[in-house]
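# Understanding the architecture of this molecule
Spelled out, the chains give:
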Amino acid sequence: IHGANGYLINQFIQDISNQHTDEYSGSIKNCTRFTLKVTNAVVEAIGAERMGFQISPWGVFNNMSMADPKPQFSYLVKQLCKHKLVYIHVIELMPAKITADKNNDYLHDIWKGVKGSTFISTNRHTQNSTIETADSKGVLVGFGRLFIVFQSVTFSKWSI
């Protein structure tokens, strides 16, 4: 399920876009209600063993940007953990934006308790940060932009 980058599911999660005045807005629980209903329906239809979920807590694409996404996304990820999905794909901040307070480590700490599931981290990784992240956190690191633009940089220098 694509719950990132300002698309429909992300619009319900994010307080900047969710301006409803119904049971899908206001509290953290209400703002995740639609997302969890969709998740429940997909899990029921195809099974959690065939499903993953993508989020971008700090994302600004499509005019998203919560002042503090940690409470909202912590709650959401705790709820997603109950399904034991195949993976959660978390889009990281760009390297220049990461600080001690602005990062997705809190989500990894929540997800690491889900046995048999994978935490995928994307968006900020260099060769050094990939190795460090994989070794220290035991997560899968995904590549997008950098690999597409600089294909020779990514794997040509690494022994895999």
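An account of the accompanying structure is given in this report. Worth saying up front: this structure is predicted, and the values here are computed from it rather than measured.

## Regarding the pairing of strand β4 (residues 118-122)
Counting buried positions over the five residues of β4 gives four, a clear majority of the element. Summarising the sheet, strand β3 (residues 87-91) and β4 pair through five bridges and their orientation is parallel. Directly across from Y87, in β4, lies its bridge partner T118. Note that β4 and strand β5 (residues 140-142) share three bridges and pair parallel. Bridge pairing in β5 places I120 opposite L140. One crossover worth recording links β4 to the parallel β5 by way of helix α5 (residues 127-137), and it is right-handed.

## With respect to the nonpolar core
Membership of the largest hydrophobic core comes to 26 residues, with the highest contact counts inside it found for I55 and W111. Taken together, the elements giving at least two residues each to this core come down to α1 (8-13), α2 (28-46), β2 (52-55), α3 (70-81), β3 and α4 (105-111). Excluding its chain neighbours within four sequence positions, the residues that come into contact with W111 are V77, L80, C81, L85, Y87, I88, S117, T118 and F119.

Conventions adopted
Residues numbered from 1 in each chain as written. Predicted model: local features only at pLDDT ≥ 70, side-chain atom pairs only at ≥ 80, totals over all residues. Heavy atoms only, no water. Buried < 20%, exposed > 50% of the residue type's maximum accessible area, 1.4 Å probe, protein only. Helix = DSSP H or I, 4+ residues; strand = E, 2+ residues; numbered from the N terminus. Pairing = 2+ DSSP bridges. Right-handed = clockwise from strand over helix to strand, strands pointing away. Core = buried A, V, L, I, M, F, W, Y, C linked by side-chain atoms within 4.5 Å. Contact = heavy atoms within 4.5 Å.

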